[in-house]
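Geometric and topological summary
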Amino acid sequence: MTTHAPSATARTIVVVGHGMVGQRFLEALAENGTTGRDRVVVFAEEPRPAYDRVHLTSYFSGTTPAELSMVEPGFIEEHGIELCLGDPVESVDRAARTVTARSGRTLGYDVLVLATGSYPFVPPVPGKELTGCFVYRTIEDLLAIEAYAATAATGAVVGGGLLGLEAAGALRGLGLDTHIVEFAPRLMPAQVDDGGGAALLRTIENMGLTVHTGVGTQEITGTGAVTGMLLSDGSALATDLVVFSAGVRPRDRLARDCGLAVGERGGIVVDERCRTSDPAVYAIGECALTTDGRVYGLVAPGYEMALTVAGALTAAGGEKSFTGADLSTKLKLLGVDVAFFGDAHGAAEGSLDVLYADARSGIYKKLVVSPEGALLGGVLVGDADAYGTLRPLTGHVPPVPAEQLVLPAGLGAPVALGPESLPDDAVICSCHNVAKGAITPLGSLAEVKKCTRAGTGCASCVKTIERLLPKTGDGGLCDCFAKTRQELYEIALALRVRGYRQLLDEHGRESARGGDGCEVCKPAVASILASLGGGHILDGEQAALQDTNDHFLANIQRNGSYSIVPRIPGGEITPEKLIVIGEVARDHGLYTKLTGGQRIDLFGASVDQLPVIWARLVAAGFESGHAYGKSLRTVKSCVGQTWCRYGVQDSVRMAIELELRYRGLRSPHKLKSAVSGCARECAEAQSKDFGVIATANGWNLYVGGNGGATPRHADLLAQDLTDGELVRLIDRFLMFYIRTADRLERTSVWLERIEGGLGHVRDVVVHDSLGICDELEALMAGHVSDYRDEWAETLDDPERLARFVSFVNAPGTPDPTVRFVPERGQIKPELPVLALEVAAR
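Please read these numbers as outputs of a predicted model, since none were measured by experiment.

1. Remarks on the overall build of the chain
- A tally of regular secondary structure across the chain gives 29 helices and 38 strands.
- Against the globule reference of 28 Å for 841 residues, the chain gives a C-alpha radius of gyration of 29 Å, in line with a compact fold.
- Overall size of the chain, expressed as C-alpha extent along the three principal axes, is 85 × 70 × 70 Å.
- Burial statistics for the chain: of 841 residues in total, 52% are counted as buried.
- In the chain, 62% of the contacts between residues at least 6 apart in sequence involve partners at least 24 apart.
- Just so you have it, the chain exposes about 35800 Å², and 52% of that area is on carbon and sulfur atoms.
- Charge-centre separation for the chain: the mean point of 79 positive side chains lies 1 Å from the mean point of 104 negative side chains.

And the structure:
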C-alpha cells in the first residue's frame, strides 16, 4: 500500500461515487502521482467496486460480476485509496468542507469530486410500486429481475431506447414472452431516424418480440403484484413483470441540497474545467451539466471529464478542458448491430442524405454529407461493420463517393475503404480519445490496450484497431509465434512435431522461447496436435494446454457445475439406453434437456461426479459426445426413407456412419452436420458446416453453412454422389479446412475468407488441383483408425482420474459454492450470492 508522508500541503480528496467514471478518475490520479501525495477517499453507494455498466447485459450470457469489474486486483491497496463500499454520502457542508455518509461518518475535504452518475427515470404512473416492477441499472437490479422472472411468463419493458432494448433482450433470454412499449413513434428515437427505426422494428418483431410504438404507459395494474398494463391508446397488456427503462436523470440531489448551481432540467453546472459554482467542488460524468448545455449519458465523455479534473489536481495544474464530446456509438441490441455517429439526423443546413435499405435483410444505412461532400454523420442498422472506418472520417471528404460507402459488395461498391485510409488524427477509440497515429506504431492489440487504453471501453473499435496492426505486425498467431496457425500446422505435420514445448522452442519467437506461451497459442496448438494424432488430450503437457472444458472433458456451466453429453449417433437410441440415461440423471440429481442436435444433455454434475457418471454411461455403450471440444458435435438426421413417405435415401444410416467416422476430430472450431432424407430438408442440413441432402440419384453435399449468431446458407459442393464419393469428399473437405483455417474460425467464415472462395475449395477437394487429396485422405484415415473414446481411456488411467476432485487437498469434499434450486420438477443453478458478496468486500 502506498503510504502518505506527513505534509502540510497534503490534501484530502473525497470522491462521491465509484462507477466507471469514478474509477477512471482514480486511475488518472494514480497515473499522475496524486495518490502518492494526497489522501483519496471514495464513498460508494453500491456494495461492490466499479464495474462495466456498458456490458451489464452480458451477465445474462454468462459473464460473472467479477468479470465485469473495472478495478484491477490490488489497485485500491497499491495506491492507498480508501474505498467505502455501501456507504453513500448523504450531505455536504460546503462552509465546513465536510461530507457526512449514511453510516454517520463525517470527513473533511480539501477537494470534493461528485461522480454520482444518474438514476433511472420511472414515469409517475399508478402501480409503479407493485411487486414485479424493476429498473435496469445495477447488478443487483439484474439479480432481482432474474430471480423474479423464474416465476413469470410475460414481461414488458417501458422504453424502447438503448437500455430498453437491452432489457428486452434480457427478458427474452430468460424465457419470457416480451413486449416493448415506446412512447415515441419509433424505437431508439434519440439515435436513429425513421428509416433506421423501421428496419430495427422489423428485425426485432421477427425475433418474436412485440413492439408497441406511439403509446405510453397509463397504469400498472394488479393487487400486490403486477398483472398487467394499461396503455394510452386504451389497450391493455397482460404481463407479470415490468422493467422501467424510460431514460435517466442526473443524480444532483447532493448539489441541490448544499446550494450548488444546477440546471433547470437537472445536472450540476460545471465550467470547462468541470468545476462547479464552488471552486473546491468538481462534478464529472452523468451528473454534470457541461458548458455546451448537455448532460452526457455515455462513458466516453465521462472519462474525458475525469481526465480533466485529474489534470487540474496535479501539482502544476492541468491544461486540459472539457467543452463537449462525441456521442457516436456502436451497439449490438438483441443481436442487431446498430450504430450512429456525427450529425446522424442531418441537422446541419444544406446537408444531404445517401441511403441504402434492404427490408428483407433488415439492413438500413444512411450517411449525411455536406454539399461539398464531407461526411457529417450517419445511421447504420443491421450491418455496422463500416462504423469503425466511417466515424473517424466524420468532418473529412471520403476518398471514395459516399454511395460506395453504403452499398454492399457486388452492388456498385468496387472500392473497399479500410482504416488504413484514415488520417493519423482520426479518432479510432472515442472512449479514450485515441487517434490512429497513436495506434499504428504499436505491434499488437495487447500493446495498444496497455499503452493507450484503446479497445478497453465499449470495444466497438477493436476490429478497426486489429485492421491497423498488420501494417506494423507480422500477422503471426500471437506474441509467441510469428507464424500463422496454417503455417504451424504445416510445420507440425511435416516435422512430426508432437509437443507444444518443442514447437515453441524451435519455431516460436526468440522472446517467447523457454517461456510458458499464452492463452491464444496454447489451445490453438493443442488443437493442431490433436488433429494430427497427438494422443490423449490429458496426457503430459497436452493437459496444460486445454481450456476448462477440455481440461475436464465436460462443459462447465455458470455455477461451476458441469454438463455431460453422451454421443447418440444420428439421434438414434434404444429404449434400454434411454432408461440408463434416465437412471443416471435420477440417481445423481441432474437436469436433463434434449439438445438441438438430437442428444440428451445432463446438467449439474460436480467435477468429482464426472468419472462416476461416465462409468455408468460407458458400461451402457455410450461414449463422449465431445460437446466440450472444438470438434465434431453431431450429425443430425431426419428418419429418411425407412419411415418417411417422402424419403428417398436412408438418412439415419448415413448420419450414423458420418458421425462415427468423424467423432473426436479436433478442428479450429466446432463442427456440425446433418443428413436430410429428401429435399424437404427436415434435418436443416444447409445450415451446417457440412450437410448432406438425399436425391433420387444419391447425395448432394453442401459446405460452409452456419446456423448460429451469424447465419450462412451452405453452398453446394457436389451433387448426386454415391456413398463412397460422399465420404471421400467430406474427408478431403474437413482435412483441408483443418489445414488452412485460422484459430476459432468456423467453416462459414473460412469459406468466405480463403482466396478463391468456394471455387478454390471445389478445385482442391473435388478436382485435386493441388495434388494433396491423397494426403488429406490419409490424414483422415489415420484419425479414424486411431480414434479412442476419451471418457473410457480416462476411466482406465488412475493418473488422469486424479484430476477429477473439487479440492486437491480434500478429495471427496463437495464444492459448497455449487448449489441448486428446484424449477419445473428439475434443478437450476442457484445464484452465486456468496461469491458476489465476497467479491464486493
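2. A closer look at the confidence of the model for the chain
- Mean pLDDT for the chain: 86, with 90% of residues reaching 70 or above.
- Every residue in residues 412–416 scores below 50 in pLDDT, and together they form 8 contacts with partners more than four places removed in sequence or on other chains.

3. Remarks on the packing of aromatic side chains
- The tally for this structure, following the rule as stated, stands at 11 aromatic pairs.
- Relative to W750, the ring of F736 has its centre 5.9 Å away and its plane inclined at 75°; by these criteria the two rings are edge-to-face. Placement of the pair is F736 in helix α23 (residues 723–740) and W750 in helix α24 (residues 747–753), with a sequence separation of 14 residues. Each member of the pair, F736 together with W750, is buried.

4. Observations concerning unusual backbone geometry
- Here D720, not a glycine, exhibits a phi torsion of approximately 50°, which is positive.
- In this fold, D720 is placed in strand β36 (residues 715–721).
- Residue class for D720 comes out partly exposed when judged on its relative accessible area of 35%.
- In this structure, L744 takes a positive phi of about 55° despite not being glycine.

5. What to know about the pattern of salt bridges
- What the rule picks out here adds up to 42 salt bridges.
- As a salt-bridge pair, E27 and R24 come within 3.6 Å of each other at their nearest N and O atoms. With E27 and R24 both in helix α1 (residues 20–31), this residue pair falls 3 residues apart, about one helical turn.
- In this structure, the salt-bridge partner of D731 is R661, at a minimum N-O distance of 2.7 Å. Pair noted here: D731 is in helix α23 and R661 is in helix α22 (residues 651–662), with a separation of 70 residues, a long-range link.
- Under the relative-accessibility criterion, D731 is labelled buried at 4%.
- Residues joined in a network through salt bridges with shared partners are R24, E27, E31 and R453.

6. As for the environment of R275
- Considering the arrangement of structural elements, one finds R275 in the loop between β18 (268–269) and β19 (281–283).
- We classify R275 as partly exposed; its relative accessible area is 31%.
- Excluding residues that lie within four positions of it along the chain, R275 makes contacts with V269, V270, V281 and Y282.

7. What to know about the nonpolar core
- Ranked by internal contacts, the top residues of the largest apolar core, which has 59 residues, are F481 and L701.
- Among the elements that make up this core, the one with the highest residue count is α23 (10 residues).
- The next biggest cluster of nonpolar side chains, apart from the first, holds 52 residues, and it includes F75, I76, A115 and Y296.

8. Notes on the state of the cysteines
- For the coordinates displayed, the defined rule picks out 0 disulfides.
- Here C638 is not disulfide-linked; the sulfur of C682 is the nearest cysteine sulfur, at 6.0 Å.
- On the basis of relative accessible area, C638 is assigned to the buried category, the value being 17%.
- Considering cysteine sulfurs only, C678 is the nearest to C644, which forms no disulfide, with 5.6 Å between them.
- The class of C644 is partly exposed, set by a relative accessible area of 28%.

9. Considering helix α7 (residues 194–206)
- Between its first and last C-alpha atoms α7 spans 18 Å; for 13 residues at 1.5 Å apiece the expected length is 18 Å, and the two agree.
- Among the residues of α7, those classed as buried are G196, G197, A199, L200, T203 and I204. Projected onto a plane normal to the axis of α7, the buried residues spread over an arc of 160° and lie on a single side. Away from its buried face, by an angle of more than 90 degrees, α7 presents the exposed residues D194 and N206.
- Buried residues along α7 sit against α6 (162–173), β11 (177–182), β12 (210–213), β22 (336–342), β24 (363–369) and β25 (375–381).

10. What to know about the side chain of H783
- Positionally, H783 belongs in helix α26 (residues 773–786).
- Ignoring anything within four residues of it in the chain, the contact list for H783 reads R661, Y662, R663, G664 and L665.

11. Remarks on the sheet that holds β11
- Across the sheet, 5 strands lie side by side as β9-β16-β10-β11-β12; this open sheet has parallel pairing. In this open sheet, the two edge strands, each paired with only one partner strand, are β9 (133–135) and β12. Across the sheet, the axes of successive neighbouring strands diverge by a mean angle of 20°, strand direction being ignored.
- α6 rests against β10 (154–158), β11 and β16 (241–244) of the sheet, and its axis sits at about 175° to β10.

12. Focus: the pairing of strand β32 (residues 632–637)
- Burial runs high along β32: 6 of the 6 residues are buried.
- Inspection of the sheet shows β32 paired to strand β33 (residues 671–676) by 4 bridges, in the parallel sense. Bridged to L632 within β33 is L671.

13. Re the environment of T440
- Relative to the helices and strands, T440 is located in the loop between α12 (436–439) and α13 (445–452).
- In this structure, the C-alpha to C-alpha distance between T440 and E466, residues 26 residues apart in sequence, is 9.9 Å.

Thresholds applied
Residues numbered from 1 in each chain as written. Predicted model: local features only at pLDDT ≥ 70, side-chain atom pairs only at ≥ 80, totals over all residues. Heavy atoms only, no water. Helix = DSSP H or I, 4+ residues; strand = E, 2+ residues; numbered from the N terminus. Rg over C-alpha atoms; globule rule 2.2 N^0.38 Å. Buried < 20%, exposed > 50% of the residue type's maximum accessible area, 1.4 Å probe, protein only. Contact = heavy atoms within 4.5 Å. Areas by Shrake-Rupley, 256 points an atom, 1.4 Å probe, with all protein chains shown as cover. Lys, Arg positive; Asp, Glu negative; His and termini not counted. Charge placed at Lys NZ, Arg CZ, Asp CG, Glu CD. pLDDT = per-residue confidence, 0-100. Phe/Tyr/Trp six-rings, centres within 6.5 Å; stacked < 30°, edge-to-face > 60°. Salt bridge = Lys/Arg side-chain N within 4 Å of Asp/Glu carboxyl O. Core = buried A, V, L, I, M, F, W, Y, C linked by side-chain atoms within 4.5 Å. Disulfide = S-S within 2.5 Å. Expected span 1.5 Å × (residues − 1). Arc of directions from axis to C-beta. Pairing = 2+ DSSP bridges. Axes fitted to C-alpha atoms, helices over the stretch in contact; angles between N-to-C directions.

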